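Each chain is listed here by its residues.
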Amino acid sequence: MIKFFRHIRYTLMETGKTGKYLKYAIGEIVLVVIGILIALSINNWNENRQLKKIENASIKSLFSEFNFNKSAIESCKNLIIEMRMYGDSIRMQLGPQKSNLEIEQVNFWFGEIGFTRRCEISTDVLNSGNINIISNAEIRRKISKWFSDLKDLEREENEWAQQFSTTITSYLNKWILWDDVDYEGSRDDPRYFKSRFSIDPRVILQQVEFSNIMNNHYWRIKRTEERTISLLQQTDEVIQLMQEELDKI
């Protein structure tokens, strides 16, 4: 009987030790899990901080590029408006009666409308592939719209240049002297001199075909001007959004 009670007490003692060991093991596991979770949290925090630094750096670079582009687009807009005004001056002289304008003035106007303006817009940072890292969805959307407007402007510029080279230039060749046109625009440049031929360019102002050509030319310039203004507005909106993001840094 005594041996039986001793066995029972020993069994209870061993059971108690096992319970203590089990609690200890569970505690150790909990501590390990907590440690892992803390380490993962710290690692994620570091990664997010690094990504935020990269994002802020990208926004700063884009902000600088868009400000550069804003100045370039404004310059293009002003030049296009100036060209349209020269075109308007020519169109005002069109008609069946011979114009009383000075020949030099007419040649100067032809020289001014003889340029097709292309905006020198930078997309180096935009093409670097860092746009997707920007967390602000509105900025990404605005940049996408800006790209779309840029493509529209480039297409309009190409069509304008093609129309001038294939239609206007070939027609003007019959009625004006390009030497005289170049000379009026660059009198101080020794590379240019007046032609030895003699043509009165005012006669072209009496031609119905030229009137139609100038009408088409006007609307081509006008569309390019509208595309440029639209791109400028989009540029301002992107700059404003990025400025708001930079103010949070």
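Residues numbered from 1 in each chain as written. Predicted model: local features only at pLDDT ≥ 70, side-chain atom pairs only at ≥ 80, totals over all residues. Heavy atoms only, no water.

Draft legend 1. Structural view of the overall build of the protein. A tally of regular secondary structure across the protein gives five helices and zero strands. Along the protein, helices and strands appear, N-terminal first, in the series α-α-α-α-α. Evaluated residue by residue, the protein yields a buried proportion of 35% over its 249 residues. If you take every contact in the protein between residues at least 6 apart in sequence, the share linking residues at least 24 apart comes to 85%. (Helix = DSSP H or I, 4+ residues; strand = E, 2+ residues; numbered from the N terminus. Buried < 20%, exposed > 50% of the residue type's maximum accessible area, 1.4 Å probe, protein only. Contact = heavy atoms within 4.5 Å.)

Draft legend 2. Here's a closer look at the state of the cysteines. Evaluation of the coordinates by the stated rule reveals one disulfide. There is a disulfide in this structure between Cys76 and Cys119, and the S-S distance comes to 2.3 Å. Of this pair, Cys76 sits in helix 1 (residues 2-92) while Cys119 sits in the loop between helix 2 (103-113) and helix 3 (137-172), and the two are 43 residues apart along the sequence. With respect to class, Cys76 is no different from Cys119; both count as buried. (Disulfide = S-S within 2.5 Å.)

Draft legend 3. Fine view of the confidence of the model for the protein. Scored by pLDDT, the protein comes out at a mean of 84, with 87% of its residues at no less than 70. Within the protein, no element has a lower average pLDDT than helix 1, which sits at 75, and none a higher one than helix 5 (residues 208-247), at 93. (pLDDT = per-residue confidence, 0-100.)

Draft legend 4. Fine view of the nonpolar core. Formed by 23 residues in total, the largest nonpolar core has its most connected members in Phe66, Ile121, Ile143 and Met242. The element that contributes the greatest number of residues to this core is helix 5, accounting for seven residues. Among all residues touching Phe66, those that are not within four sequence positions of it are Leu126, Ile143, Trp146, Thr235, Val238, Ile239 and Met242. Within the second largest apolar cluster, 19 residues are counted, among which are Tyr86, Ile90, Ile168 and Met214. (Core = buried A, V, L, I, M, F, W, Y, C linked by side-chain atoms within 4.5 Å.)

Draft legend 5. Up close: the layout of surface pockets. Estimated volume of the largest pocket: approximately 190 Å³. In terms of lining, the largest pocket is formed by 14 residues, of which the most central are Gly111, Phe115, Val181, Asp182 and Gly185. At the level of secondary structure, the elements contributing two or more residues to the lining of the largest pocket comprise helix 2 and helix 4 (178-185). Of the residues belonging to the lining of the largest pocket, the class tally is six nonpolar, five polar and three charged. (1 Å grid on protein atoms, 1.4 Å probe; cavity = no way out; pocket = protein on both sides within 12 Å on 5 of 7 lines; lining within 4 Å. Points joined across faces, edges and corners; volume = space filled by probe spheres on them. Nonpolar A, V, L, I, M, F, W, Y, C, P; charged D, E, K, R; others polar.)

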